[in-house]
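# Notes for the structure review
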Amino acid sequence: MRCSQPSTPNLQEPPTAQNEAAGGGRKVVLLGDTHDSAPIRQLAQGATVLSHEATFLDEMYEKARVAMHSTGKMAGAFAREVGAAKLVLTHFSGRYGHGGEPAPAMSEDDAERMDERDLVMLQREAERAMRSKNVTCAYDGFTLRL
Ligand SMILES: [Zn+2]
């Protein structure tokens, strides 16, 4: 598990009051590679779930900009801007997850702990920007039940 979210791949949550008022509908917004989500701002308003890439930590903002990717902070800020109820982070740089090679001086266990810590840092960064704890990091096979 690479995130500090529940280890079960299925998250079942009750409909939000906002969606109840709208007749129980759900709005799911899935974004791919982006460094500027502004063009979809209006469509994304009030998303039940926003899936947004968070390739890097904000300390690597410049690298994110050059690669046309986003940081955890950017994803969280956009989620807040559109009033998303839940933010799912995707597309992590290999440096934060299983795609990363363990540094030579590290044991496999150390490397795994480092990966977990880094993804939690990405999640925390997004949570701070969103001002919500309703953030999770996706992983291969991740399922979110609405
Ligand atoms: Zn990409």
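It should be emphasised that the depicted structure is a prediction, and the values quoted were computed from it without experimental measurement.

With that settled, the discussion passes to the overall build of the chain. When its secondary structure is counted, the chain shows 5 helices and 4 strands. Seen in sequence order, the chain has helices and strands lined up from the N terminus as α-β-α-β-α-α-β-α-β. With 146 residues in all, the chain has 32% of them scored as buried.

This paragraph deals with helix H4 (residues 72-82). The buried fraction of H4 amounts to 8 of the 11 residues, a majority that puts the element mostly inside the structure. Taken together, the buried positions of H4 are occupied by Gly-72, Lys-73, Met-74, Ala-75, Gly-76, Phe-78, Ala-79 and Val-82. Gly-83 sits one or two positions beyond H4 and adopts a positive phi of about 70°.

Glancing now at the nonpolar core. In this structure, Leu-50, Ala-75, Ala-79, Leu-87, Leu-89, Leu-122 and Ala-126 are the most contacted members of the largest nonpolar core, which totals 29 residues. Of all the elements in the fold, those that place two or more residues in this core are strand E2 (49-53), H4, strand E3 (86-90), helix H5 (108-130) and strand E4 (135-137). Those residues in contact with Leu-122 that sit more than four places away from it in its chain are Ala-54, Leu-57, Gly-72, Leu-89, Phe-92, Tyr-96 and Cys-137.

This part is about the sheet that holds strand E1 (residues 28-30). Strand order in this open sheet of 4 strands is E1-E2-E3-E4, and the pairing throughout is parallel. If you trace the sheet from one side to the other, it starts and ends with E1 and E4, each paired once. Neighbour-to-neighbour, the strand axes of this sheet turn through a mean angle of 20°, independent of strand direction. Against the sheet, H4 contacts E2, E3 and E4, and its axis sits at roughly 155° relative to E2.

Here we take up the pairing of E3. Burial of E3 is extensive: 4 of the 5 residues sit out of reach of the surface. Two elements, E2 and E3, share 5 bridges in a ladder whose sense is parallel. When the bridges of E3 are listed, Glu-53 appears paired with Thr-90. Pairing analysis gives 3 bridges linking E3 to E4, with the strands arranged parallel. The residue of E4 that forms the bridge with Leu-89 is Cys-137.

This part covers the environment of Asn-134. Within the secondary structure, Asn-134 sits in the loop between H5 and E4. Looking at Asn-134, the number of C-beta atoms within 10 Å reads 14, which means it is partly exposed. Along the backbone, Asn-134 and Val-49 are 85 residues apart, and their C-alpha atoms lie at a distance of 9.9 Å.

Attention now moves to unusual backbone geometry. In this model, His-91 sits at a positive phi of 60°, which is unusual for a non-glycine residue. For His-91, the location among the structural elements is in the loop between E3 and H5. One non-glycine residue, Arg-131, lies in positive phi territory at about 60°. Within the element layout of this structure, Arg-131 appears in the loop between H5 and E4. Overall, Arg-131 belongs to the exposed group, with 10 C-beta atoms counted inside 10 Å.

Our next topic: the confidence of the model for the chain. Counting all residues, the mean pLDDT for the chain is 82, and 71% of those residues have values of 70 or more. Per-residue pLDDT stays below 50 along residues 1-13; that stretch engages in 24 contacts with residues further than four places along the chain or on separate chains. With pLDDT under 50 throughout, residues 98-104 is counted as low confidence; its partners more than four residues away or in other chains account for 8 contacts.

Cut-offs used in this document
- Residues numbered from 1 in each chain as written.
- Predicted model: local features only at pLDDT ≥ 70, side-chain atom pairs only at ≥ 80, totals over all residues.
- Helix = DSSP H or I, 4+ residues; strand = E, 2+ residues; numbered from the N terminus.
- Buried ≥ 20, exposed ≤ 12 C-beta atoms within 10 Å, placed from the backbone.
- Core = buried A, V, L, I, M, F, W, Y, C linked by C-beta atoms within 7 Å.
- Contact = placed C-beta atoms within 7 Å.
- Pairing = 2+ DSSP bridges.
- Axes fitted to C-alpha atoms, helices over the stretch in contact; angles between N-to-C directions.
- pLDDT = per-residue confidence, 0-100.

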